[in-house]
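Coordinate analysis (summary)
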Number of protein chains: 2
Amino acid sequence: MTFSVATQLTLQSKIDQKTKPLGALGQLEDLALQIGLIQQTLTPVLRQPTMLVFAADHGIAHAGVSAYPQAVTEQMVLNFLRGGAAINVFCRANGLDLRVVDAGVNADFNGVAGLIDRKVAHGTANMAEQPAMTAAQCTLALAHGQALAQGLADEGCNVLGLGEMGIANTSSAALLAHCYTGLPLADCVGRGTGLDDAGLARKLSVLSAVLDLHGKPDDAMGILRCYGGLEIAMMAGAMLGAAARGMVVLVDGFIASAAYLAAAAIQPAMRDYAVFSHCSGEHGHRHLLAHLQARPLLSLGLRLGEGTGAALAYPLLVAAVAFLNEMATFASAGVSEQC
Amino acid sequence: MTFSVATQLTLQSKIDQKTKPLGALGQLEDLALQIGLIQQTLTPVLRQPTMLVFAADHGIAHAGVSAYPQAVTEQMVLNFLRGGAAINVFCRANGLDLRVVDAGVNADFNGVAGLIDRKVAHGTANMAEQPAMTAAQCTLALAHGQALAQGLADEGCNVLGLGEMGIANTSSAALLAHCYTGLPLADCVGRGTGLDDAGLARKLSVLSAVLDLHGKPDDAMGILRCYGGLEIAMMAGAMLGAAARGMVVLVDGFIASAAYLAAAAIQPAMRDYAVFSHCSGEHGHRHLLAHLQARPLLSLGLRLGEGTGAALAYPLLVAAVAFLNEMATFASAGVSEQC
């Protein structure tokens with residue numbers, strides 16, 4: 001923890017004086033402590049919660065690694081803008097502001113209203129043939145993400161959820177997870193949007209070949225450039241920008257967690273700011289979270305991405321902050337302590 | 001399922017046409033289906049969500065089975081009425097109306113404002129000496145609970161959370177769980193509000209003796225009368241009353257689940273209306289939920305009772321209903337389906 005030990009002890013003492021048995025609010029107590037530490041206060045406040053959803057396409061989609069055609073990325077962006085996707089519904093339900101970013105969709109949106117245009121390219125290159133990004137593209141995507149988070153901080157937002165859309169991006173995430181954590185590739189490769197057994201075998205075979213082609217670069221940026229996606233790099237940048245501004249970073253599922261791995265490889269202090277919102281149904285996520293020794297807030301078998309798990313977990317952050325600020329103490333309520 | 005198969009198929013088809021891979025919203029899809037079936041509609045609505053917290057004392061508290069003195073039940077009721085307890089905070093945060101019921105606290109509240117007086121007795125008898133309740137007390141507690149739920153239904157509420165407060169009530173719940181499920185007693189007995197190893201051993205020994213004294217009655221009411229609590233019987237009655245009126249019943253932790261066991265033993269159709277909100281940190285709850293093959297929505301290591309897990313899970317019900325009602329379909333959004 002890069003935060004002060006004194007603040008940690010004072011926060012823990014405040015939590016322990018609330019009218020409940022010690023530790024009886026479980027993970028919610030850890031969450032209240034973490035948010036208090038991030039904000040360096042005994043009375044944290046969550047302001048202007050925002051969900052940034054980054055969309056981009058992947059050259060590897062043409063290798064048959066997804067159950068859906070690449071056109072779905074563009075179609076879903078339009079669905080986001082019209083308010084009809086799951087992430088729209090959950091952000092509305094839980095009071096998050098939703099912003100949609102074109103990080104690199106393989107389509108031209110021609111200035112459609114509501115879309116934040118940070119398109120770095122019309123999708124990544126096919127990593128079965130060459131690195132997914134050039135160094136310049138990867139750096140630009142990171143910088144855009146960082147600037148977007150900083151812009152939100154300037155607006156007053158201090159809690160940022162991050163989601164994504166990109167057909168074939170579980171392939172990218174699997175390779176990133178393997179390279180950043182050392183987990184076996186097979187533990188990182190899953191069914192994505194719904195591959196059958198044959199599809200899954202094909203995906204693993206394609207990704208093994210991609211790995212053989214590029215090997216494992218020995219630096220964080222090299223891994224991200226070879227195997228990442230534009231939406232993943234931009235998410236990683238947004239996470240870094242958010243952490244630098246002392247925002248709470250709400251990490252969604254498998255792909256967002258792969259972006260987190262990249263961000264944490266670049267800046268290890270990232271960890272203090274990250275809240276892992278859920279364990280997704282995508283095969284690799286459980287392994288990835290276990291590797292990080294992260295305890296996710298939800299485990300509902302979600303495997304949709306878009307930031308849906310993060311949006312669904314957000315009320316738990318609100319509840320954690322509320323109990324820290326609003327609950328009576330044993331002394332104030334006149335309640336007897338343990339015998 | 002007592003509900004129509006046609007409604008089930010139509011609801012599932014509606015869920016499957018939403019713009020997401022099949023099953024990608026995991027347990028939230030099951031929840032949307034269940035709520036649609038309870039309300040027998042494709043467009044369910046959650047109205048006037050209410051949390052009923054029942055408080056009562058337990059004669060067995062005098063046998064040293066809890067880490068806290070009995071006076072805490074009364075003190076916490078006053079804390080609820082002043083708005084300082086965890087359940088107050090979480091109900092406010094998540095938009096639930098909270099009502100507190102004196103089912104049988106061993107104290108006189110003298111008509112204090114805001115408390116619903118349904119006191120059946122000044123606590124149960126000490127079940128180490130005699131059955132916890134007389135048959136008349138048990139029946140009255142059930143009837144009060146049922147009437148309270150029906151009154152809420154008349155007001156327009158259609159989703160009811162149930163919580164409790166009662167020093168020593170994990171002892172009651174452990175014996176109920178053992179008798180209704182057949183799980184070994186040791187699997188049902190836990191640390192409650194924080195017993196140490198010696199306290200836990202003592203609790204198990206006391207409860208084993210109680211079990212030897214009364215045996216296992218062969219009817220649902222007999223078990224509830226011998227080992228229950230007034231708040232537990234009243235919760236069971238409220239669950240039955242709510243189910244009879246087609247309300248969604250949000251079950252909290254270990255003690256609420258023991259009340260559910262009593263309700264379901266009396267009326268098996270209860271199951272269709274129950275949503276298991278969380279798996280508590282209390283030892284017996286995991287076993288109880290596994291026995292029921294119930295998948296709780298949350299698993300945050302909470303062990304506070306009061307309805308806190310149910311209140312924290314409520315936004316997931318809102319989200320489930322919202323996606324069913326608001327998400328676009330593949331056809332309406334012009335999104336391509338699986339290859």
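Residues numbered from 1 in each chain as written. Chains lettered and ligands numbered in written order. Predicted model: local features only at pLDDT ≥ 70, side-chain atom pairs only at ≥ 80, totals over all residues. Heavy atoms only, no water.

**Digging into the overall build of chain A**
Of the regular secondary structure elements, chain A holds 14 helices and six strands. A globule of 339 residues ought to have a C-alpha radius of gyration of about 20 Å, and chain A, at 20 Å, matches this closely. Overall size of chain A, expressed as C-alpha extent along the three principal axes, is 70 × 45 × 35 Å. A buried classification covers 63% of the 339 residues belonging to chain A. Counting contacts in chain A only where the partners sit at least 6 residues apart, residues at least 24 apart contribute 74% of the total. Of the roughly 11100 Å² that chain A leaves accessible, carbon and sulfur atoms contribute 52%. (Helix = DSSP H or I, 4+ residues; strand = E, 2+ residues; numbered from the N terminus. Rg over C-alpha atoms; globule rule 2.2 N^0.38 Å. Buried < 20%, exposed > 50% of the residue type's maximum accessible area, 1.4 Å probe, protein only. Contact = heavy atoms within 4.5 Å. Areas by Shrake-Rupley, 256 points an atom, 1.4 Å probe, with all protein chains shown as cover.)

**Focus: the nonpolar core**
In terms of nonpolar packing, the biggest core is built from 285 residues, with Leu317 of chain A together with Leu317 of chain B touching the most fellow members. Those residues in contact with Leu317 of chain A that sit more than four places away from it in its chain are Leu31, Ile35, Leu46, Val159, Val248, Leu250, Val275 and Leu297 of chain A. (Core = buried A, V, L, I, M, F, W, Y, C linked by side-chain atoms within 4.5 Å.)

**Comments concerning the environment of Leu200 of chain A**
Residues and elements named next belong to chain A. Among the structural elements, Leu200 can be located in helix 8 (residues 197–214). For Leu200, a relative accessible area of 22% translates into the label partly exposed. Apart from the residues within four sequence positions on either side, Leu200 is in contact with Val189, Gly190, Arg191 and Leu195.

**Considering the pattern of salt bridges**
Residues and elements named next belong to chain B. Under the criterion given, the structure shown has 16 salt bridges over all chains. Of the charged contacts, one joins Asp30 and Arg295 as a salt bridge, the two residues approaching to 2.3 Å between their closest N and O atoms. Here Asp30, found in helix 2 (residues 26–39), pairs with Arg295, found in the loop between helix 12 (283–291) and helix 13 (308–326); they are 265 residues apart in sequence, far enough to count as distant. Relative accessible area serves as the criterion here: at 38%, Asp30 is assigned to the partly exposed category. By relative accessible area, which is 52% here, Arg295 ends up exposed. (Salt bridge = Lys/Arg side-chain N within 4 Å of Asp/Glu carboxyl O.)

**Regarding the interface of chain A and chain B**
In this complex, chain A contributes 54 residues to the contact, which on the side of chain B involves 54 residues. Carbon and sulfur atoms supply 62% of the area that chain A and chain B bury against each other, a total of about 4400 Å² over both sides. At the boundary of chain A and chain B, one finds two salt bridges. Here Glu326 of chain B and Arg92 of chain A are joined by a salt bridge, their closest N and O atoms 2.9 Å apart. Where chain A meets chain B, there are 16 residue pairs in polar contact (both at pLDDT 80 or more). Where the side of chain A that touches chain B is concerned, the elements lending two or more residues are helix 2 (26–39), helix 3 (71–82), helix 4 (86–94), helix 13 (308–326) and helix 14 (330–333) of chain A. Considering every element that reaches the side of chain A that touches chain B, the biggest residue donor is helix 13 of chain A, with eight residues. (Buried area = accessible area lost by both parts, 1.4 Å probe. Polar contact = N/O pair within 3.5 Å; in protein donor to acceptor, adjacent residues only side chain to side chain.)

**Quick word on the sheet that holds strand 5 (residues 248–251) of chain A**
All names here are of chain A. In spatial order, the strands read 3-2-1-4-5-6; together these six strands make up an open sheet with parallel pairing. The open sheet is flanked by strand 3 (115–117) and strand 6 (274–276), the only strands paired with a single partner. Neighbouring strand axes in the sheet, compared pairwise and without regard to direction, differ in orientation by 30° on average. With four bridges joining them, strand 4 (residues 159–165) and strand 5 adopt parallel strand pairing. For Leu160, the partnering residue across the bridge sits in strand 5 and is Val249. On the sheet, helix 5 (residues 135–155) packs against strand 1 (50–56), strand 2 (97–104), strand 3 and strand 4 and is oriented at approximately 160° with respect to strand 1. (Pairing = 2+ DSSP bridges. Axes fitted to C-alpha atoms, helices over the stretch in contact; angles between N-to-C directions.)

**Digging into unusual backbone geometry**
Residues and elements named next belong to chain B. The backbone phi angle of Asn110 is positive, close to 50°, even though this residue is not glycine. Among the structural elements, Asn110 can be located in the loop between strand 2 (97–104) and strand 3 (115–117). Assessed through its relative accessible area of 74%, Asn110 is described here as exposed. Of note, the phi angle at Glu306 is positive, near 70°, even though the residue is not glycine. In this fold, Glu306 is placed in the loop between helix 12 and helix 13.

**Overview of the sheet that holds strand 3 of chain B**
Residues and elements named next belong to chain B. Read across the open sheet, the six strands follow the order 3-2-1-4-5-6; overall the sheet is parallel. Among the strands making up the open sheet, the edge pair consists of strand 3 and strand 6 (274–276). For this sheet the average axis-to-axis angle between neighbouring strands, irrespective of direction, equals 30°.

**Here we look at the relation of the copies chain A and chain B**
Rotating chain A by 180° and translating it 0.0 Å along the rotation axis places it on chain B, where the RMSD comes to 0.0 Å. A rotation of that kind, with that shift, is consistent with a two-fold axis. By C-alpha distance to the rotation axis, the residue of chain A lying nearest is Leu298 of chain A, at 3.1 Å. The fraction of interface residues of chain A whose copies in chain B are also interface residues reaches 100%, indicating that both copies meet through the same surface. (Least-squares fit on C-alpha atoms with pLDDT ≥ 70 in both.)

**Observations regarding the state of the cysteines**
Residues and elements named next belong to chain A. Within the structure shown, the criterion is met by zero disulfides over all chains. Considering cysteine sulfurs only, Cys157 is the nearest to Cys91, which forms no disulfide, with 12 Å between them. On the basis of relative accessible area, Cys91 is assigned to the buried category, the value being 1%. (Disulfide = S-S within 2.5 Å.)

**Here's the deal with the pairing of strand 4 (residues 159–165) of chain B**
All names here are of chain B. With seven of seven residues buried, strand 4 is to be regarded as a mostly interior element. Side-chain alternation along strand 4 places Val159, Gly161, Gly163 and Met165 on one buried face and Leu160, Leu162 and Glu164 on a second face that is also buried. Pairing of strand 1 (residues 50–56) with strand 4, which is carried by six bridges, proceeds in the parallel orientation. In the strand pairing of strand 4, Leu52 is matched with Leu162.

**Looking at the domain arrangement of chain A**
Residues and elements named next belong to chain A. For chain A, the domain assignment lists domain 1 (5–45 + 323–333) and domain 2 (50–320). For domain 1 versus domain 2, the separation of C-alpha centres amounts to 32 Å. Contact with domain 1, which involves 12 residues of that partner, is made by 16 residues of domain 2. In this assembly, domain 1 packs against domain 2 so that about 1100 Å² is buried in total across both faces, 56% of it on carbon and sulfur atoms. Joining domain 1 to domain 2, the criterion identifies one salt bridge. Put simply, the parts of the chain that give the side of domain 1 that touches domain 2 at least two residues each are helix 2 and helix 13. (Domains from an automatic or database assignment.)

**Things to note about the packing of aromatic side chains**
Residues and elements named next belong to chain A. Across all of its chains, the model carries four aromatic pairs over all chains by this definition. Ring geometry for Tyr260 against Phe276: centres 5.0 Å apart, planes inclined by 85°, an arrangement best described as edge-to-face. In this pair, Tyr260 is assigned in helix 11 (residues 254–266) and Phe276 in strand 6, connecting sequence segments 16 residues apart. Accessibility classification places Tyr260 together with Phe276 in one group, the buried group. (Phe/Tyr/Trp six-rings, centres within 6.5 Å; stacked < 30°, edge-to-face > 60°.)

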